[in-house]
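Okay, here's what each chain looks like letter by letter:
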Amino acid sequence: MKNTAKSPCELAKLACNALDDKKAEDIKVIDISEISVIADYFVIASASNSNQLQALMDAVDEALYKVGCTNGNIEGNRRSSWLLMDYKDVIVHLFSREDRLFYDLERIWQDGKFIDPADL
């Protein structure tokens, strides 16, 4: 299936919209294109419980699938408190509140450009 999204920015926007629709908490986007070759964007969000975490993952996967972007890899499962969804140019990190504080990707990737999801 061909990726019909216009750019990695558009994929990040679609992911953010899907997360927002499912009431994800504290959605952040970091443009890492100038500091890393692994992706252009990180999308980071939190869930209040494991059921919501699964719903967030399903919503992102469905939204990106609809534009022809099938995931290269999903790390984690129903018992995980951190799910990583790798769409090559966009990597979506979904966390429990506690794990997000513990791993603190925002601090680790602070050299990236933080973008308000509404500005994508």
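Here the structure is shown first, and the text comes after it.
On a predicted model such as this, the values are computed, not experimentally measured, just so you know. (Residues numbered from 1 in each chain as written. Predicted model: local features only at pLDDT ≥ 70, side-chain atom pairs only at ≥ 80, totals over all residues. Heavy atoms only, no water.)

A.B. asks: Would you explain the overall build of the protein chain in this entry?
C.D. replies: In terms of helices and strands, the protein chain carries four helices and six strands. From first element to last, N terminus to C terminus, the protein chain shows the α and β order α-β-β-α-β-β-β-α-α-β. Out of the 120 residues in the protein chain, the part that is buried amounts to 46%. Approximately 6,900 Å² of the protein chain is accessible, and the part contributed by carbon and sulfur atoms is 46%. Separation between the mean location of the 14 positive side-chain charges and that of the 21 negative ones in the protein chain comes to 5 Å. (Helix = DSSP H or I, 4+ residues; strand = E, 2+ residues; numbered from the N terminus. Buried < 20%, exposed > 50% of the residue type's maximum accessible area, 1.4 Å probe, protein only. Areas by Shrake-Rupley, 256 points an atom, 1.4 Å probe, with all protein chains shown as cover. Lys, Arg positive; Asp, Glu negative; His and termini not counted. Charge placed at Lys NZ, Arg CZ, Asp CG, Glu CD.)

A.B. asks: Whenever I open this one, unusual backbone geometry confuses me. Can you help?
C.D. replies: For residues besides glycine, phi is generally negative; the peptide bonds are generally trans as well. Positive phi, normally seen in glycine, also occurs at lysine 88, with a value near 65°. Here lysine 88 is to be found in the loop between strand E4 (82-86) and strand E5 (90-96). We classify lysine 88 as exposed; its relative accessible area is 62%.

A.B. asks: Would you explain helix H2 (residues 50-66) in this entry?
C.D. replies: The α-helix advances 3.6 residues per turn, and as a result positions three or four apart in sequence lie on the same side. An ideal rise of 1.5 Å per residue puts 24 Å on 17 residues; H2 measures up with 25 Å between its terminal C-alpha atoms. Where H2 is concerned, the buried positions are Gln52, Leu53, Gln54, Leu56, Met57, Ala59, Val60, Ala63 and Leu64. Looking at the buried residues of H2, the elements they touch are helix H1 (8-21), strand E2 (41-47), strand E3 (73-75), E4 and E5. Measuring from the backbone nitrogen of asparagine 51 back to the side-chain oxygen at the start of H2 gives 3.0 Å, which picks out asparagine 49 as the cap. Directly beyond the C-terminal end of H2, a positive phi value near 90° is found at glycine 68. (Expected span 1.5 Å × (residues − 1). Contact = heavy atoms within 4.5 Å. Polar contact = N/O pair within 3.5 Å; in protein donor to acceptor, adjacent residues only side chain to side chain.)

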